[in-house]
Amino acid sequence: GENVEQHPSTLSVQEGDSAVIKCTYSDSASNYFPWYKQELGKGPQLIIDIRSNVGEKKDQRIAVTLNKTAKHFSLHITETQPEDSAVYFCAPSGYSTLTFGKGTMLLVSP
Amino acid sequence: DVKVTQSSRYLVKRTGEKVFLECVQDMDHENMFWYRQDPGLGLRLIYFSYDVKMKEKGDIPEGYSVSREKKERFSLILESASTNQTSMYLCASSLRGRYNSPLHFGNGTRLTVT
């Protein structure tokens, strides 16, 4: 099956700093690359996604970049705010596979 | 907005009981999923359904079964609950495309088996 690694496992930043989380995958057939945010007591929620024909996508303070050759994609959050504190999961997938990373706990301190 | 509703937030059951976890989605999605979430192990797929009465085993189906009699409803069944099935259970749906389309999750059912 797909081998997915997500780094770092925890990340602490000051409010206003940037945060970057990286996801590495093994299956070259993966063609859909989403990031999910899970707040305490809630289910994961899609925050941004990218497909394999695009290298970068941005939505206000968050962006995702994809390097298909190297098989990794990253979540970038700029101007972090306390409400960004949550666990973030990558989930690279193809037609017949979907594997979640183990998650990154992001803590934004005021 | 898609809404995925799981019938219970918390459940406490005894070993050996038959347990039903219910999930309903309101957006006519083709696909529905049951995941289990455990600390350090992330989200693991138990079962996937791509149509009414159609299902596929995920990564950890042992000890579980599912039922999808109507498009909007997907049930997870623990035939004889065991303590190692204590976990957070998450239901999700997606519009189409099997695995490579956005997932919409419910808020989870925390099951404790004593």
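Residues numbered from 1 in each chain as written. Chains lettered and ligands numbered in written order. Predicted model: local features only at pLDDT ≥ 70, side-chain atom pairs only at ≥ 80, totals over all residues. Heavy atoms only, no water.

Enquirer: Describe the interface of chain B and chain A, naming the residues involved and giving the relevant values.
Expert: Contacts between chain B and chain A engage 17 residues on the former and 20 residues on the latter. Counting each side, the surface lost to burial between chain B and chain A is near 1,500 Å², with a carbon and sulfur contribution of 57%. Summed over the three residues of chain B that lose the most area to chain A, namely B:Leu43, B:Tyr99 and B:Asn100, the buried surface amounts to 35% of that side. For the pair chain B and chain A, the interface holds zero salt bridges. Summed over the shared surface of chain B and chain A, the number is seven residue pairs in polar contact (both at pLDDT 80 or more). Contributing elements (two or more residues each) for the side of chain B that touches chain A: β4 (31-38) and β5 (42-51) of chain B. (Contact = heavy atoms within 4.5 Å. Buried area = accessible area lost by both parts, 1.4 Å probe. Salt bridge = Lys/Arg side-chain N within 4 Å of Asp/Glu carboxyl O. Polar contact = N/O pair within 3.5 Å; in protein donor to acceptor, adjacent residues only side chain to side chain. Helix = DSSP H or I, 4+ residues; strand = E, 2+ residues; numbered from the N terminus.)

Enquirer: Lay out the layout of surface pockets with the relevant residues and their values.
Expert: Computed from the structure, the largest pocket encloses a volume of approximately 840 Å³. If you trace the largest pocket, you find 34 residues lining it, with A:Gln38, A:Val87, A:Phe89, A:Met105 and B:Gln37 closest to the centre. For the lining of the largest pocket, the secondary-structure elements that each account for two or more residues are β1 (5-7), β9 (86-90) and β10 (104-109) of chain A together with β4 and β9 (87-94) of chain B. Looking at the lining of the largest pocket, its residues break down into 13 nonpolar, 14 polar and seven charged. (1 Å grid on protein atoms, 1.4 Å probe; cavity = no way out; pocket = protein on both sides within 12 Å on 5 of 7 lines; lining within 4 Å. Points joined across faces, edges and corners; volume = space filled by probe spheres on them. Nonpolar A, V, L, I, M, F, W, Y, C, P; charged D, E, K, R; others polar.)

Enquirer: Describe the nonpolar core, listing the residues and the values that go with them.
Expert: A:Trp35, A:Phe73, A:Leu75, A:Ile77, A:Tyr88 and A:Leu106 are the most contacted members of the largest nonpolar core, which has 22 residues in total. Elements that contribute at least two residues to this core include exactly β2 (10-14), β3 (19-24), β4 (32-38), β5 (45-51), β7 (62-67), β8 (72-77), β9 and β10 of chain A. Ignoring any residue separated from it by four or fewer positions in sequence, one finds A:Tyr88 in contact with A:Gln6, A:Ile21, A:Tyr36, A:Lys37, A:Ile47, A:Leu75, A:Ile77, A:Gly103, A:Thr104 and A:Leu106. Counting residues in each nonpolar core, the second largest holds 20 residues, with B:Leu11, B:Ala81, B:Cys91 and B:Leu111 among its members. (Core = buried A, V, L, I, M, F, W, Y, C linked by side-chain atoms within 4.5 Å. Buried < 20%, exposed > 50% of the residue type's maximum accessible area, 1.4 Å probe, protein only.)

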